[in-house]
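Chain by chain, the residues run as shown.
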Amino acid sequence: MGCKGFIICLLSLANTFIIAEGCRGTGGSTNPTATTEKDWWQTAQFYQIYPRSFKDSNGDGIGDLQGIISKLSYLKEIGVNATWLSPIYVSPMADFGYDIANFFDIQPEYGNLTDFDELIQEANKLGLKIIMDFVPNHSSDENIWFKKSVNREKGYEDYYVWNDGYVDENGKRQPPSNWLQAFRGSAWEWNEQRQQYYLHQFAVKQPDLNYRNPDVVAQMKRVLTYWLDRGVAGFRVDAVPWMFEVLPDENGRYPDEPLSGLYSDDPLNFDYLSHIYTQDQPETIDMVYQWRKLLDDYQRIHGGDTRVLMIETWSNINEVMKLYGNRSVEGAHLPFNFQFIAGGHADLDNTDLGAGGFVDIISKWMDNMPAGKTANWVMGNHDRSRVGTRYGDKRIDLMNMLQMFLPGASVTYMGEEIGMIDTDLSWEDSVDPAACNASPETYDQFSRDPERTPFQWSTDTNAGFSTNSSTWLPVNPYYLITNVESERARPKSHLNVYKQMSELRQTKTLQYGNLQYGNVGENVLAIKRSLPVEKTYILLANVLGHAKTVDVTDVIKASGKYTVKIVNIISNKKDGYEISLDSVSLSGNEAIIVESQ
């Protein structure tokens, strides 16, 4: 029974866009030579490590800090500038680290603070930056703060969101509202000792901190400063939209959230309600601005490179853009752009998404981004199916090429560079609370385990991840083909395409160049990056499965002959192969990058 900065210029052309720094008016007038040098994070290649699944150094079947240290050279090899680590804090692992019992120490199965300090030192030697995952919305119920709050100790009485609830007409006590947790069921849990309900918008063991209490705000700022003092280069901030809720009325009741119209037959499903009272409250934006000020002040006082603030939010585009800041206040450096995850088909199965859909996804961000801000592109993470599963295994290179070709920062989830796909896991092997709170019949609709399985290093036992007889999640059986060691040895591999793209990203054209993009029908996506005096590069991708010959000269305002620079593993075109833009032939799912002669 087991459950284990750009200003946008829009041309009058349909589905054709130019985006350029220094652009003025509505024409194609640009002044790229006026660009200033970019800060490190604006063109960085960020790489997310899920520590539990990256590399096991001590043979217990669980990844750890020493495992990460042993593979830092790999990150350097593939062109990574900075890596952010999913939580490694002390935790009972009810949500695998997102339930934090001690924000100031390391979970023993991952190592200790000495190991962490060594990680920072070794990363610095290679020119790599370490970014921490900051989880501000909640703690573990095993955190000393929560225990003190349960006991109503002075200074901790209101550290969490507590409420008496109400007594109904039958004399039965009820939660203060109909709010639902993300992992299914009520967001309120009765605490017998305190005789009140506490709010938990995630698992029952993850009580929500009360950000209307200034002591909580100050405490979490101490957490940030503590890790800055240990040498981190910034933070990726988890679950930001949930941080504030509306205030209760004079009777202590919170308003019920309205029905969403979705999952009408499943009232325990999180999406059964529209979360208008528990997400995206105005105070959330100001809190992000306060954190940015803290990071800026830290750099001003201590020197060194910019400490970057990256925000996780799945909110609507208008709310996301507020996180960048406004005319008077700086916000997040990079509110994560999840458009390639959430902006396609609603069920996240984008295997038949056409070129027009790709253009819509790109323009959704570029059209809404405030002037002077930096774009970023996130194709996947530890909470969503892998790119090769969502977009199809024949488009793995295409998606990596696209992500790294577009302007701004790119964010790669570990394993996407070698083409890892979701692992088919049984109910007995599942450990994710999102799955375990479901049932053996429905768990696979909710589980995040398939994208969290161990990284595939080689053809050795357990894909070279661990010497233990078993691993915390089963290894994907495809590891015999899809692994770093094998792909290094193959000239045409996902890994080598990724490395070629990393090298191309170092060009001035990709770091500073103008962007123009569009589609020819539903097959072909065309993207041009250009900069005076530098080579022009064009990405041409047939996003569908049948061959097509097209003229892309109008859609990207370019003509003449170009030569092939980089191709995906499906393509039969060779380096230096000459392409005429008025007649480009692409096989199904073929993606190529050409450069001006």
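Preceding this paragraph is the structure being described.
Thresholds applied
Within each chain, residues carry numbers counting from 1 in the order of the written sequence. Under the rules for a predicted model, residues below a pLDDT of 70 receive no local features and side-chain atom pairs below 80 are neither given nor counted, while totals for whole chains, interfaces and linings still include all residues. Note: side-chain values were computed over all heavy atoms of the structure, leaving out hydrogens and water. Side-chain atoms within 4.5 Å link the members of a nonpolar core, which is a set of buried Ala, Val, Leu, Ile, Met, Phe, Trp, Tyr and Cys residues. Relative accessibility decides the category of a residue: with a 1.4 Å probe and only protein chains considered, values under 20% of the type maximum give buried, values over 50% give exposed, and everything between is partly exposed. The numbering of helices and of strands both runs from the N terminus, where a helix is a DSSP run of H or I of at least 4 residues and a strand a run of E of at least 2. The criterion used for residue contact is that any of the two residues' heavy atoms lie within 4.5 Å. In this scheme, strands are said to pair when DSSP sees at least two bridges between them. Structural elements are reduced to axes, namely lines fitted to C-alpha atoms, with helices fitted over the stretch in contact, and the angle between N-to-C directions of any two is expressed from 0 to 180 degrees. An angle below 35 degrees is treated as roughly parallel, one above 145 as roughly antiparallel, one from 65 to 115 as roughly perpendicular, and anything else as oblique. Crossings are classed by handedness, with left-handed meaning an anticlockwise turn of the near helix from the far one by less than a right angle and right-handed meaning a clockwise turn. In this classification, Asp, Glu, Lys and Arg are treated as charged, Ala, Val, Leu, Ile, Met, Phe, Trp, Tyr, Cys and Pro as nonpolar, and every other residue, Gly included, as polar. The definition of a polar contact used here is a pair of N or O atoms within 3.5 Å, where within protein one atom must be able to donate a hydrogen and the other to accept one, and adjacent residues in sequence count solely through side-chain atom pairs.

1. Side note on the nonpolar core
If you look at soluble globular proteins, the nonpolar side chains tend to sit buried side by side. Counting residues in each nonpolar core, the largest one holds 123 residues, and the members touching the most others are W291 and F340. With eight residues, the single largest contributor to this core is helix α6 (residues 282-302). If we skip the residues at most four places from it in the chain, F340 touches N350, F358, I361, I362, W377, V378, M379, R390, Y391, M399, L402 and L406.

2. Some points on the sheet that holds strand β3 (residues 45-49)
On the basis of which strands lie adjacent, the open sheet formed by eight strands has the order β15-β14-β13-β7-β4-β3-β17-β16 and parallel pairing. Two strands in the sheet have a free side with no partner beyond their single neighbour: β15 (334-335) and β16 (376-378). As paired elements, strand β7 (residues 129-134) and strand β13 (residues 234-237) share three bridges and run parallel to each other. The residue of β13 that forms the bridge with F134 is V237.

3. Some thoughts on the packing of helix α11 (residues 396-405) against helix α14 (residues 494-504)
Close contact between α11 and α14 brings their axes to 10 Å; oriented N to C, the two are set at 15°. In this view, α11 runs roughly parallel relative to α14, as classed from their interaxial angle. When you trace α11 past α14, the crossing you get is right-handed. Facing α11, whose interface residues are I396, D397, N400, M401, M404 and F405, α14 presents H494, V497, Y498, M501, S502 and L504. Residue classes in the contact of α11 with α14 are distributed as eight nonpolar, three polar and one charged.

4. Observations regarding the side chain of Q45
Inspection of the secondary structure assignment puts Q45 in strand β3. Polar side-chain contacts of Q45 include one of 3.5 Å to the backbone oxygen of I78. One polar contact links Q45 to Y498, side chain to side chain, over a distance of 3.3 Å. Contacts of Q45, omitting those with residues within four sequence positions, involve I78, G79, V80, N81, A82, M404, S410, Y498, S502 and R505.

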